[in-house]
Amino acid sequence: MDTNAASKQRDQIMASAFIVGCFLVASSSILAIILGGTPPPWIFVLALLGCVLSAPLAFSLVLKSRETAPPYHPKLINAISKGILILDRQTRHILHANQIALQIMERPLDQLRGHNVCSFFTTPTGDPCCTGGLHPSASGTVLHLKMPDGSHRCVKRDTSSVMLDNTEYLLDCIEDVTSEIASLQHLRQLSEVVKQCATTVVITDKEGVIEYVNPRFTEVTGFTPEEILGKKPNLLRSGNTPKSYYEDLWKTLIEGKPWKGEFENRKKNGSIFWEMASITPMFNNRGHITHFVAVKEDITPRKRMEEELHQAHAELQEINSSLMETVAEKNEILSIVAHDLRNPLCSVLGLAELIANGMARDKAVDFAERIVASTNHAVGLLNNLLSIQVIESGKASLTTTPIPLIDVIKYTLEIMTPKAQAKSIRIKHNFRDSCYVTGDLMALRQVFENLVSNAIKFSPLGSEISLENYRHEGKAIVSVADRGPGIGPDDQAKLFKKFARLSARPTNNESSTGLGLAIVKRYVDAMGGEISCDSTLGDGTTFTVSFPELSDPVKLS
């Protein structure tokens, strides 16, 4: 104890003795006046003796007041926003606690005072927090506070030494961090989930600059965090997605709405991969967007499987379509056999029976001509069926020779003129150029016979058919035009298909199997030529066939 403190204590004791002595003197004087006369000397001796005797009492009162009065101001420590425990430096017993400390520990002061502070705290592993002569805890240590109900709270505890009235005390500052620790553990768990999840997680700022990627991102794309952080996700674009797709994405996100869709992206090694992405805006407490979080799944295997399924489905559809066409062709052939072949054969049989039975001898020549016509029709039909079958099977053997195209046209006119005359149709021809082409003579004859035959079938009685040949830009061209009903767009789309039935019908009830133009198309293609149709409903039809012109037929032959 320093000199000032000792002087102060001495003064307090002397003042107390003096007050007691004065009280005794005053009391004896008043008593003498009451009794009358001058106070006797023994009264003063008695007063002096009282002063001497009262001094130890006063000294004892002073010491007691020092023991009970705290060396700090209670209101001051109660004003501190954290829990405060004042401890004896040697024993670590709790001397005092403010209200916040009492609330944290959930105990009244009388259950704390005089108890060792270490009895209330343990380390997170359950070990005692005080060992040897060390301080109860290091600065900022998080300890477990044992609660009266047996549970515990997480408390951050800072211990420091403080001097009060020349006495050293320990000052414990405690703060309940239970909720903060729980939140931190939760964040750590979430962080581990993000790191270990099987989906890609990307966090960007509001401008789209990447701030975080999880390890799965590197596994999928090949880019490390060092290579991608600070850049934008457009680094992954494949270039195959339209710009409008990304514009719609950003429009949705800027409006504060989540977006979900697929990306076709490119890895670091240049390979293409697909991702299913869900992008969500993040907001601050004022409702402003601060970040975007993208959770993406690699769906490349699924897309590959979908593509394979789609391809397989397309192949199955093609096979099914081919089977349907085959069935339709089979039915069509059966129909032809049942109808188009049956009729002429029945006609032949009937006429032959009449001749054989001698019932129409006077008409035998006419019947014979009918038999020949019916037989030719049946043979022509069979030839068409056989021709289309041979061409499509790849067994057609075409002989390539130089052929004067005008000779083929003249032959066609000789064959088809009687058929045209039967319907009073005039065939007008214009032989402008003599051209040579390379091809098969029989195939070329069949091409033009079918074209002219069709023109006659669909031309009105007494009309005209035009046949013209010329050369243009190294090609020999032949056109066949009629004045028939024309062919509509829908019919033109199926014009060269087998067994195609058109809306327009022959003008004199002629039969049509739908094979003629199919044979023409296949023969023209086989000989390196081209065929086209120009038609308007009600205004006739023109078929144009072109072949590469042979410049030096003599040399070729």
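Within every chain, residues take consecutive numbers counted from 1 along the sequence as written. Local features in a predicted model are, by the rule used here, given only for residues with pLDDT of at least 70; side-chain atom pairs are given and counted only at 80 or more, and totals for whole chains, interfaces and linings are based on all residues. Note that water and hydrogens are dropped before the side-chain values are worked out from all heavy atoms of the structure.

Draft legend 1. Looking closely at the packing of helix 11 (residues 405–421) against helix 12 (residues 441–457). Every axis in this analysis is a line fitted to C-alpha atoms, fitted for helices over the stretch in contact. Angles between the N-to-C directions lie between 0 and 180 degrees. For helices the rule is a DSSP run of H or I covering at least 4 residues; for strands it is a run of E covering at least 2, with both sets numbered from the N terminus onward. Relative to each other, helix 11 and helix 12 sit at 40°, their axes nearing to 9 Å. Our classification of the angle between helix 11 and helix 12 gives oblique. Once helix 11 is placed against helix 12, the crossing between them reads as right-handed. Residues Leu405, Val408, Tyr411, Thr412, Met416, Lys419 and Ala420 of helix 11 form the contact with helix 12, whose participating residues are Leu441, Leu444, Arg445, Phe448, Glu449, Val452, Ser453, Ile456 and Lys457. In terms of residue class, the contact of helix 11 with helix 12 is built from ten nonpolar, two polar and four charged. Between 65 and 115 degrees an angle is taken as roughly perpendicular, under 35 as roughly parallel, over 145 as roughly antiparallel, and anywhere else as oblique. A crossing counts as left-handed when the near helix is turned anticlockwise from the far one by less than a right angle, and as right-handed when that turn is clockwise. Contacts were defined at the residue level, with two residues in contact if any of their heavy atoms lie within 4.5 Å. Under the convention adopted here, Pro, Cys and the residues Ala, Val, Leu, Ile, Met, Phe, Trp and Tyr are nonpolar, Asp, Glu, Lys and Arg are charged, and Gly plus all remaining residues are polar.

Draft legend 2. Representation of the nonpolar core. Among buried residues, those of type Ala, Val, Leu, Ile, Met, Phe, Trp, Tyr and Cys that are joined through side-chain atoms within 4.5 Å constitute a nonpolar core. Burial here depends on accessible area, computed with a 1.4 Å probe over protein chains only, as a share of the maximum for the residue type. Under 20% is buried, over 50% is exposed, and the range in between is partly exposed. In this structure, Leu444, Phe448, Leu451, Leu495, Ile531, Phe543 and Phe547 are the most contacted members of the largest nonpolar core, which totals 40 residues. Of all the secondary structure elements, the ones that give two or more residues to this core are helix 11, helix 12, strand 15 (464–472), strand 16 (475–481), helix 14 (516–526), strand 17 (530–535) and strand 18 (541–548). The biggest single contributor to this core is helix 12, with eight residues. Discounting residues that sit within four places of it in the chain, phenylalanine 543 has contacts with Leu451, Val478, Ser479, Val480, Ile487, Leu495, Phe496, Leu517, Ile531, Ser532 and Cys533.

Draft legend 3. Seen up close, the pattern of salt bridges. A side-chain nitrogen of Lys or Arg and a carboxyl oxygen of Asp or Glu constitute a salt bridge if their distance falls within 4 Å. All told, the structure shown has 18 salt bridges when counted by the stated rule. Here glutamate 227 makes a salt bridge to lysine 268, at a shortest N to O gap of 2.7 Å. Linking glutamate 227 in helix 7 (residues 225–228) with lysine 268 in the loop between strand 9 (259–266) and strand 10 (272–283), this pair joins segments that are 41 residues apart in sequence. The exposure class of glutamate 227 is partly exposed, given its relative accessible area of 29%. Arginine 302 serves as the salt-bridge partner of glutamate 306, at 3.3 Å between the closest nitrogen and oxygen. Here the residue glutamate 306 and the residue arginine 302 both occupy positions in helix 9 (residues 300–356), the gap between them amounting to four residues, near one helical turn. Residue classification places arginine 302 among the partly exposed positions, given a relative accessible area of 36%. One connected set of salt bridges, linked through shared partners, spans Glu262, Arg302, Lys303 and Glu306.

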